[in-house]
Amino acid sequence: MKNKVGALGGRIWSSIILFGLIGQIAWVVENMYFSRFMQNEITRAPYATTLMVAFSAIFATLSTLIGGALCDRSGKRKVFVSVGYIVWGFTIMMFALVPMKPSGDKVLPMVILVVVMDCIMSVIGSISNDAAFNTWVTDISNTANRARVDTVLAVMPLFALAVVFGGFDSMTNADATQADWKKFFICLGLITTVGGLCGLFLMKDKAGIKPNKENSFVSDFIYSLKPSVIRQNKMLYWCLCGFMIASISYQVYVNYLFNIVEGTMKISNYIIPIGIIMLVSAVGSVVVSSLMDKYGKRKFYYPVITVGIIGAVVIWASKFFIGKNQTALTVVLIIGGIMAIGVNLIMSGLFTASYRDYIPEGKEGLFQGCRMVMYVLVPMIIGPLVSQFIINTANRGVTNDADIVYPMELFLGSAVVMLLCFIPAKIVRDNEKEHHEELMKKIK
């Protein structure tokens with residue numbers, strides 16, 4: 001019976017993987033390579049990265065609130081996903097027009113230009129991916145398969161990173177030219193646009209979805225942020241709170257990850273260790289997600305959080321091998337990286353799957369906005385601010401932006417933030433068993 005109620009067809013899985021992977025390829029470009037572009041080609045000053053990440057999060061959240069309301073009011077998901085991905089790709093390609101290496105008096109205008117372009121890209125991506133695609137995923141999944149579906153989706157950023165990293169990273173390293181960056185943005189934009197075109201023929205909306213226009217658009221827009229709605233669905237928000245803290249922890253270091261490995265750790269041939277981390281983390285998280293669906297998520301909260309904290313501390317501890325033992329440095333990075341990155345993936349399977357279980361039927365789109373507030377807006381503001389504080393503290397006395405070093409203490413800061421995750425984990429864990437059994441009865 002479990003296999004039957006949790007089974008998804010080939011067409012659905014193809015759509016999940018296609019849009020999950022290509023959407024994450026676009027987000028990898030936005031979340032990691034726009035930061036690298038800003039740091040390497042505009043300015044290394046952390047304020048620029050903080051501004052870009054924070055404003056992107058604000059516009060992404062507002063767009064998801066709008067997109068989620070539109071999905072429920074129209075009763076459609078496919079058109080927003082497919083057409084959105086097509087346009088999304090063009091917004092990425094527009095970055096090929098941005099000039100590099102500005103003179104001192106042109107740095108601030110260029111920072112503003114890149115931030116504005118990033119916001120436009122985030123608006124399109126959030127409507128098509130964060131709002132429409134995630135609403136569609138909620139439609140086609142149920143409590144018997146959501147841990148598996150959400151963990152597969154959580155693995156997609158690693159596969160996306162592998163695609164971008166393995167195929168295009170050389171265009172963005174320290175020796176990259178303006179022509180290389182142009183090729184990078186054009187190629188990655190084309191991948192996103194072609195994915196949207198494929199979706200026009202592959203994706204199907206779930207049968208029976210009807211437009212929901214009972215309330216005004218403004219009411220739908222703010223629905224998931226209303227105090228009364230929060231009180232009625234408090235467990236849903238505790239689930240979101242758990243992954244919000246994990247996301248803040250991740251945001252403390254992720255925007256500087258490439259430059260930390262290449263610049264601070266002095267690992268020039270970083271493709272192999274990063275590749276191992278991605279592969280093992282992806283495989284391990286899928287295995288763990290299957291166990292969560294089989295035995296229930298309740299048993300996994302505390303161990304997963306603990307491993308994530310240890311992983312971040314292990315990466316930080318690798319600083320003691322920098323410039324002394326390259327082999328030991330690489331091994332410690334791989335061990336800590338697998339633990340920290342793998343846990344970030346598994347946390348999505350834990351908290352996001354639980355969050356979907358608590359969404360009231362017929363409100364799937366309306367609850368995508370609060371997910372963006374707590375998964376994107378808050379983490380992408382608080383995380384980079386923590387990063388900026390740590391970076392500025394470590395570089396006290398440095399007057400030339402080009403001499404700024406991104407410190408290993410970013411991982412230690414990440415571990416400290418992750419400690420707070422035990423609070424929502426306990427609340428969700430204590431209520432998970434009873435709610436899971438109720439949902440299983442409904443779908444059998």
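All of these numbers come straight from a predicted model, not from anything done at the bench.

Viewed as axis vectors pointing N to C, helix α2 (residues 10–42) and helix α5 (residues 107–140) meet at an angle of 165°, and their least axial separation amounts to 11 Å. One finds that α2 runs roughly antiparallel with respect to α5. Considering only the axes of α2 and α5, their crossing is left-handed. Among the residues forming the contact of α2 with α5, the class breakdown is 18 nonpolar, seven polar and three charged.

Judged by nonpolar contacts, the single largest core of 134 residues is most densely connected at Phe184, Phe185, Met347 and Phe351. The element contributing the most residues to this core is α2, with 15 residues. Residue contacts for Phe184: discarding those within four places in its chain leaves Val29, Tyr33, Val164, Phe168, Met171 and Thr172.

This part takes up α2. Think of an α-helix as turning once every 3.6 residues; residues three or four places apart then point the same way. Between its terminal C-alpha atoms α2 stretches 45 Å, which fits the 48 Å expected from 33 residues at 1.5 Å a residue. Residue Tyr33 marks the point of greatest curvature in α2, where the axis turns by about 35°. Within α2, 25 of the 33 residues are buried, leaving the element largely enclosed by the surrounding structure.

Under the criterion given, the structure shown has 23 aromatic pairs. Geometrically, the ring pair formed by Tyr85 and Trp88 is edge-to-face, given 5.2 Å between the ring centres and 80° between the ring planes. Residue Tyr85 and its partner Trp88 are located together in helix α4 (residues 78–93), separated by three residues, close to a single helical turn. By the burial criterion, Tyr85 is buried, and Trp88 matches it. On the basis of an interplanar angle of 80° and a centroid distance of 5.7 Å, the ring pair of Trp181 and Phe184 is categorised as edge-to-face.

Bringing the packing of α2 against α4 into the picture now. Running from amino to carboxyl end, α2 crosses α4 at an angle of 25°, the nearest separation of the two axes being 11 Å. With respect to each other, α2 and α4 are oriented roughly parallel. The two elements α2 and α4 meet at a crossing, and its hand is left-handed. Of α4, the residues touching α2 (which contributes Phe19, Ile22, Gly23, Ala26, Trp27 and Val29) are Val81, Ser82, Tyr85, Trp88 and Ile92. Here the residues of the contact of α2 with α4 are counted per class, giving nine nonpolar, two polar and no charged.

Under the 1.5 Å per step criterion, the end-to-end length of helix α12 (residues 271–295) is 36 Å for 25 residues, consistent within 8% with the ideal 36 Å. Taken from the residues just after α12, Gly296 is the one with a positive phi, measuring 95°.

Another aspect to go through is the pattern of salt bridges. Inspection of every chain in the model, using the stated rule, returns seven salt bridges. A salt bridge links Asp430 to Lys426; the shortest N-O distance between them is 2.9 Å. Residue Asp430 and its partner Lys426 are both found in helix α17 (residues 422–443); the two are separated by four residues, about one turn of the helix. What emerges from the salt-bridge pattern is a single network uniting Arg36, Asp169 and Glu262.

On to the confidence of the model for the chain. Put simply, the chain has an average pLDDT of 85, and 93% of its residues get 70 or more. Summarising per-element confidence for the chain, the mean pLDDT is lowest in helix α1 (residues 2–6) (52) and highest in helix α16 (residues 409–418) (96).

Here Lys101, not a glycine, exhibits a phi torsion of approximately 50°, which is positive. Along the polypeptide, Lys101 turns up in the loop between α4 and α5. Even without being a glycine, Lys266 presents a positive backbone phi close to 60°. With relative accessibility at 57%, the residue Lys266 sits in the exposed group.

Cut-off values and rules
Residues numbered from 1 in each chain as written. Predicted model: local features only at pLDDT ≥ 70, side-chain atom pairs only at ≥ 80, totals over all residues. Heavy atoms only, no water. Axes fitted to C-alpha atoms, helices over the stretch in contact; angles between N-to-C directions. Helix = DSSP H or I, 4+ residues; strand = E, 2+ residues; numbered from the N terminus. Parallel < 35°, antiparallel > 145°, perpendicular 65-115°, else oblique. Left-handed = near helix turned anticlockwise from the far one by under 90°. Nonpolar A, V, L, I, M, F, W, Y, C, P; charged D, E, K, R; others polar. Core = buried A, V, L, I, M, F, W, Y, C linked by side-chain atoms within 4.5 Å. Buried < 20%, exposed > 50% of the residue type's maximum accessible area, 1.4 Å probe, protein only. Contact = heavy atoms within 4.5 Å. Expected span 1.5 Å × (residues − 1). Bend = angle between axes of the 7 residues up to and from the residue. Phe/Tyr/Trp six-rings, centres within 6.5 Å; stacked < 30°, edge-to-face > 60°. Salt bridge = Lys/Arg side-chain N within 4 Å of Asp/Glu carboxyl O. pLDDT = per-residue confidence, 0-100.

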